[in-house]
Amino acid sequence: MENKIHFQYLIDGDDFTRAGEASSDIKSKLKMMNINPDAVRRVAIAMYEGEINMIIHADGGTIDVDVYPDKLTMVLKDTGPGIPDIDKAMEEGYSTAPDNIVSLGFGAGMGLPNMKRASDEMEISSVVGQGTTVTMTVLF
Amino acid sequence: MTIQELIRQDQFEIINEGSDLSREITEPFCCDLLSVAMGNAPAGCAWCTVMANMNTLAVASLTEAGCVILCMGASADDNMKMKAASEGITLLRTDRGIFETALGIYRNLHEKDQL
Ligand SMILES: Nc1ncnc2c1ncn2[C@@H]1O[C@H](COP(=O)(O)OP(=O)(O)OP(=O)(O)O)[C@@H](O)[C@H]1O
Ligand SMILES: [Mg+2]
């Protein structure tokens, strides 16, 4: 497909102070491309939650974004511990976030449900001990 | 009530004046769990919270909150101050509790003629 623009972000799993940089960067890029504001907001929310999860629960990784004329896809890939029970992880309120992370305001167990709601399509594949890949599509 | 009008009431310590002070405040919003706020904070809200860190501002920016009010004596560190400045987010603080702060704003928005 010629008709797409690709961006890649490397997420540093150790650097909490940079958490959210990828989503805020894509937000400003999409704004400049004149994508409709609601779609921009949904992309940014979905990517932020995913980005934070890659830092808190895994060890960082990569986010690949493809922008098409009518939609955006993002693939968030980490080589963290994986998710043993995806259905359970998707439940509102389920969280394994450790105390030091909870004290930062995370750990409500709402990140994945927010990602699901913000995107039009979401798929998680995960292998325990190998990592997790979350693919999301947002239609413009 | 605009953000500017809220600031002018002199009830809050101003940590950072945001880039759009003429924005209307839609309603107070109370929440300390970031991803709950992410899913529910109304655009234009005055977000009252004790959660004072960079991630609070990231969520405020993504949800297009009108301003963030740190309550119960919570304070911003230098990183948070810098981020508020660079993102143009209005950041205020108070020693009062979350409920009291939000109630004050609610009254300002809805009960002006009864006061
Ligand atoms: N990339 C990941 N790698 C490993 N586990 C994950 C990953 N993403 C999510 N999880 C697991 O799924 C659970 C639920 O994730 P979710 O984002 O909904 O909540 P949370 O991150 O714990 O808290 P919140 O997002 O509300 O701050 C996590 O607690 C964690 O156990
Ligand atoms: Mg999460």
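The name given to chain B in an unreviewed UniProt entry is DRTGG domain-containing protein, and the organism recorded there is Candidatus Eubacterium avistercoris.

Looking at an unreviewed UniProt entry, one finds chain A named ATP-binding protein and attributed to Candidatus Eubacterium avistercoris.

Student: Just checking my understanding: could you explain the overall build of chain B for this structure?
Tutor: Per the secondary structure count, chain B includes five helices and five strands. Listed by position from the N terminus, the elements making up chain B come as α-β-β-α-β-α-β-α-β-α. In summary, chain B has a C-alpha radius of gyration of 13 Å against a globular reference of 13 Å for 115 residues, a match within 12%. By principal-axis analysis of the C-alpha atoms, chain B measures approximately 40 × 25 × 25 Å. Split into buried and exposed, the 115 residues of chain B put 51% on the buried side. Sequence separation of at least 24 residues holds for 46% of the intrachain contacts in chain B that already meet a minimum separation of 6. Within the structure as shown, chain B displays about 5,200 Å² of accessible surface, and the carbon and sulfur contribution to it stands at 47%. Across chain B, the centroid of the 8 positively charged side chains sits 2 Å from that of the 16 negatively charged ones.

Student: So what exactly am I meant to see when it comes to the site of ligand 1 here?
Tutor: Inspection of the region around ligand 1 gives 21 residues, with A:His57, A:Ser95, A:Thr96, A:Gly107 and B:Ser35 positioned closest. Residues near ligand 1 are shared among chains A and B, making this a multi-chain site. In this structure, an oxygen atom belonging to ligand 1 sits 2.9 Å away from a side-chain N or O atom of A:Asn53. Interatomic distance of 2.7 Å between a backbone N/O atom of A:Gly107 and an oxygen atom of ligand 1. Burial of ligand 1 by the surrounding chains reaches 95%, relative to a free accessible area of 600 Å². Counting residues per element, the ones that place at least two in the shell around ligand 1 are helix 2 (37-56) and helix 5 (111-118) of chain A. Among the elements that make up the shell around ligand 1, the one with the highest residue count is helix 5 of chain A (three residues).

Student: What is the right way to look at helix 5 (residues 98-110) of chain B in this model?
Tutor: Given 3.6 residues per turn, any residue in an α-helix points the same way as the ones three and four places further on. Residue and element names in this part refer to chain B. Taking 1.5 Å of rise per residue, the 13 residues of helix 5 would be expected to cover 18 Å, and the 18 Å separating its terminal C-alpha atoms lies within 8% of that figure. Taken as a whole, helix 5 has its buried residues at Ile 98, Thr 101, Ala 102, Ile 105 and Asn 108. Projection of helix 5 onto a plane perpendicular to its axis shows the buried side chains occupying an angular sector of 120°, all on one side. At its buried positions, helix 5 is contacted by helix 1 (3-8), strand 2 (28-30), strand 3 (46-49) and strand 4 (67-70).

Student: What exactly am I supposed to notice about the sheet that holds strand 3 of chain B here?
Tutor: Sheets are built from strands that pair by backbone hydrogen bonding, the pairs being arranged parallel or antiparallel. All names here are of chain B. Strand order across the open sheet formed by five strands is 1-5-4-3-2, with mixed pairing between neighbours. Two strands lie at the open edges of the sheet, namely strand 1 (13-16) and strand 2, each paired on one side alone. Averaged over all neighbouring strand pairs, the angle between strand axes comes to 25°, with direction disregarded. Bridge count for strand 3 against strand 4 is four bridges, and the pairing is parallel. Residue Ala 46 lies in a different strand from strand 4, and its bridge partner there is Cys 67. Sheet contacts for helix 4 (residues 78-87): strand 1, strand 4 and strand 5 (90-93); angle to strand 1, the most-contacted strand, approximately 75°.

Thresholds, definitions, all that
Residues numbered from 1 in each chain as written. Chains lettered and ligands numbered in written order. Predicted model: local features only at pLDDT ≥ 70, side-chain atom pairs only at ≥ 80, totals over all residues. Heavy atoms only, no water. Helix = DSSP H or I, 4+ residues; strand = E, 2+ residues; numbered from the N terminus. Rg over C-alpha atoms; globule rule 2.2 N^0.38 Å. Buried < 20%, exposed > 50% of the residue type's maximum accessible area, 1.4 Å probe, protein only. Contact = heavy atoms within 4.5 Å. Areas by Shrake-Rupley, 256 points an atom, 1.4 Å probe, with all protein chains shown as cover. Lys, Arg positive; Asp, Glu negative; His and termini not counted. Charge placed at Lys NZ, Arg CZ, Asp CG, Glu CD. Near = heavy atom within 4 Å. Polar contact = N/O pair within 3.5 Å; in protein donor to acceptor, adjacent residues only side chain to side chain. Expected span 1.5 Å × (residues − 1). Arc of directions from axis to C-beta. Pairing = 2+ DSSP bridges. Axes fitted to C-alpha atoms, helices over the stretch in contact; angles between N-to-C directions.

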